[in-house]
Amino acid sequence: MKLPILPTTMVGSYSMPGWLERLKTEYFARRISRADLDEIHDTAVKAAIKDQEIAGLDVVTDGELRRDNMIDYFVEKLPGVQVDRSSKKFYYDFYDSEVLGKIPMAALGLAEDFKFLLANTERGAKISITGPHSLTKRIRNKHYPSDEALATDIARVMNMELKELVKAGAKFIQIDEPYYSGFPEDITWGVKVLNMLVEGVQAKIAVHICYGNRYGKPSWEGSYRYLFPAILDAKVQQLSLEFARRGGEDLDLFREFKVPFELGAGVIDVKDQTVETADIVAERIRKTIKAVPAEKLFILPDCGLFHLPRDVAFAKLCVMVEGARIVRKELGQ
């Protein structure tokens, strides 16, 4: 990917249209077929890609509109995980799922969705994968001696899938681990399992760590200090963190620990429907540059845009891009 300085991208998800919410729920009520839902998803994904391109993003995603939430898209594909499909009445609900035995090796089939993205854009492309720590927290463990043991086997299976994504053309893969913030005591083994997940994966790897975004609300609050110094052992190239809603105080951690990674800096508040101005975004970027060199910065929202109305989500992306352009000009780029 040939990118400008301060490249812009999304965390992953784009606004979920109300009509798509209703149609997904119709599917769970068995009133439309899987073939119909797949066709609907294709249409929605194409629209999400187009919105990102019009907004001016340098790196686009598929908007994650095929996903009901960040867990079930992966849980229902993981071999050896028992899923109670009757447990889900509304598309955004979590399945009840459990593990009763050792998870076997098997393909998850994630590459097909990524190939669809590549076929429908000429921009840089990124795919987001929910990490093993977060998945473990939503699966009832009835076999393994610990969460770490379950997460280790999930990482083993998904490592193969990440390598298949690279074969399909993925050059930028993001691992989503918001549950680190809810279980900070797990961070040491969480990083160990993360490294198993990405071992030998020949792509730029980012890890996104937020404070949750369930129904547009934070699940946890606090400081990113709990990540350090354990996160420095992560075999990744970029940390993606939220700063717009919480302020930029945690940027001091990048100075204190001389963090070697790029920073994906959240400069758009996804939990507020008020659209920032480009000048506000530019000032947030300037503040970030004081802690991290511009050459090591990506610009993105705090988290996914899933819960925002489409017009608000699109407007926020537009001002984010414009704010990045303002600072690029100031840097002579």
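The structure under discussion appears in the preceding block.
None of the values given here were measured: they were computed from a predicted structure.

Parameters at a glance
Numbering of residues begins from 1 in every chain and follows the order in which that chain's sequence is written. Restriction of local features to residues with pLDDT of at least 70 applies here, the model being predicted, together with a cutoff of 80 or more for giving and counting side-chain atom pairs; totals for whole chains, interfaces and linings are based on all residues. The side-chain numbers reported here are obtained from all heavy atoms of the structure, hydrogens and water having been left aside. Criterion for a salt bridge: a side-chain nitrogen of Lys or Arg within 4 Å of a carboxyl oxygen of Asp or Glu. A simple rule labels every residue: compare its accessible area, found with a 1.4 Å probe on the protein chains alone, to the largest value its type can have, and call it buried under 20%, exposed over 50%, or partly exposed in between. For helices the rule is a DSSP run of H or I covering at least 4 residues; for strands it is a run of E covering at least 2, with both sets numbered from the N terminus onward. Cavities and pockets were defined on a 1 Å grid built from protein atoms only: a cavity is a group of points that admits a 1.4 Å probe but offers it no way out, a pocket is an open group of points flanked by protein on both sides within 12 Å along at least five of seven lines, and a lining residue is one with an atom within 4 Å of any such point. Grid points are joined across faces, edges and corners, and a volume is the space filled by probe spheres set on the points. Pairs of strands are assigned from DSSP output, requiring at least two bridges between the strands. Under this definition, polar contacts are N or O atom pairs within 3.5 Å; protein pairs additionally need one hydrogen-donor-capable and one acceptor-capable atom, and for neighbouring residues in sequence, both atoms have to be side-chain atoms. Any two residues having at least one pair of non-hydrogen atoms within 4.5 Å are treated as being in contact. Paired rings are identified among Phe, Tyr and Trp, the last through its six-membered ring, by centres lying within 6.5 Å, and are further divided according to the angle between planes into stacked (under 30 degrees), edge-to-face (over 60) and tilted (the rest). We call a charge positioned over a ring when the NZ of a Lys or the CZ of an Arg lies within 6 Å of the ring centre and within 35 degrees of the ring normal.

A. Seen up close, the pattern of salt bridges. Counted under the stated rule, the structure contains 28 salt bridges. Salt-bridge contacts for arginine 67 lead to glutamate 64; the nearest nitrogen and oxygen are separated by 3.6 Å. Given the relative accessible area of 12%, glutamate 64 is considered buried. The partner of aspartate 147 in a salt bridge is lysine 137, and the shortest N-O contact between them spans 2.8 Å. One end of the pair, aspartate 147, is in helix H6 (residues 147-167); the other, lysine 137, is in the loop between helix H5 (132-136) and strand S6 (140-141), with ten residues separating them in the sequence. The partly exposed category is assigned to aspartate 147, whose relative accessible area is 30%. Judged by its relative accessible area of 22%, lysine 137 falls in the partly exposed class. Within this structure, Asp42, Arg66 and Asp113 form a network of salt bridges that share partners.

B. Representation of empty space enclosed by the protein within the structure. With the rule as written, the count across this model stands at one cavity of 30 Å³ or more. Here the largest cavity defines a volume of roughly 70 Å³. Contributing to the lining of the largest cavity are Gly12, Thr61, Asp62, Glu64, Arg67, Asp113, Phe114, Leu117, Lys126, Ile127 and Ser128. Those elements that provide at least two residues to the lining of the largest cavity are helix H4 (111-119) and strand S5 (127-130). Ranked by residues supplied to the lining of the largest cavity, first place goes to H4 with three residues.

C. Main features of the sheet that holds S6. The three strands are arranged S2-S3-S6 in an open sheet whose pairing can be described as mixed. In this open sheet, the two edge strands, each paired with only one partner strand, are strand S2 (81-84) and S6. In the sheet, S2 pairs with strand S3 (residues 96-99) via four bridges, with the strands oriented antiparallel. What sits directly across from valine 83, in S3, is serine 97.

D. A look at the side chain of arginine 246. Summarising the element assignment, arginine 246 is placed in the loop between strand S9 (238-242) and helix H8 (252-256). A distance of 3.2 Å separates a polar atom in the side chain of arginine 246 from a polar atom in the side chain of aspartate 250. Aside from chain neighbours lying at most four places away, what touches arginine 246 is Tyr211, Glu221, Gly222, Ser223 and Tyr224.

E. Molecular detail of the packing of aromatic side chains. On inspection of all chains with the given rule, the structure shows 13 aromatic pairs. Considering the side-chain rings of tyrosine 92 and phenylalanine 306, the 5.4 Å spacing of their centres and the 25 degrees angle between planes classify their relative orientation as stacked. You can see tyrosine 92 sitting in the loop between S2 and S3 and its partner phenylalanine 306 sitting in the loop between strand S11 (297-301) and helix H10 (310-330), a full 214 residues away along the chain. Each member of the pair tyrosine 92 and phenylalanine 306 is classed as buried. A ring pair is formed by tyrosine 179 and tryptophan 220, whose centres lie 5.3 Å apart and whose planes are at 70 degrees; its orientation type is edge-to-face. Within this pair, whereas tyrosine 179 is found in the loop between strand S7 (172-176) and helix H7 (187-198), its partner tryptophan 220 is found in the loop between strand S8 (204-209) and S9, the two being separated by 41 residues in sequence. Under the relative-accessibility criterion, tyrosine 179 is labelled buried at 13%. Among the aromatic residues, those joined into a ring-pair cluster are Phe90, Tyr91, Tyr92 and Phe306. One Lys or Arg, arginine 66, reaches over the ring of phenylalanine 116 and ends 4.8 Å from the middle of that ring. The ring of phenylalanine 183 carries the charged tip of lysine 137 above its face, separated from the ring centre by 4.2 Å.

The quantities given are spatial measurements derived from coordinates; they are silent on function.
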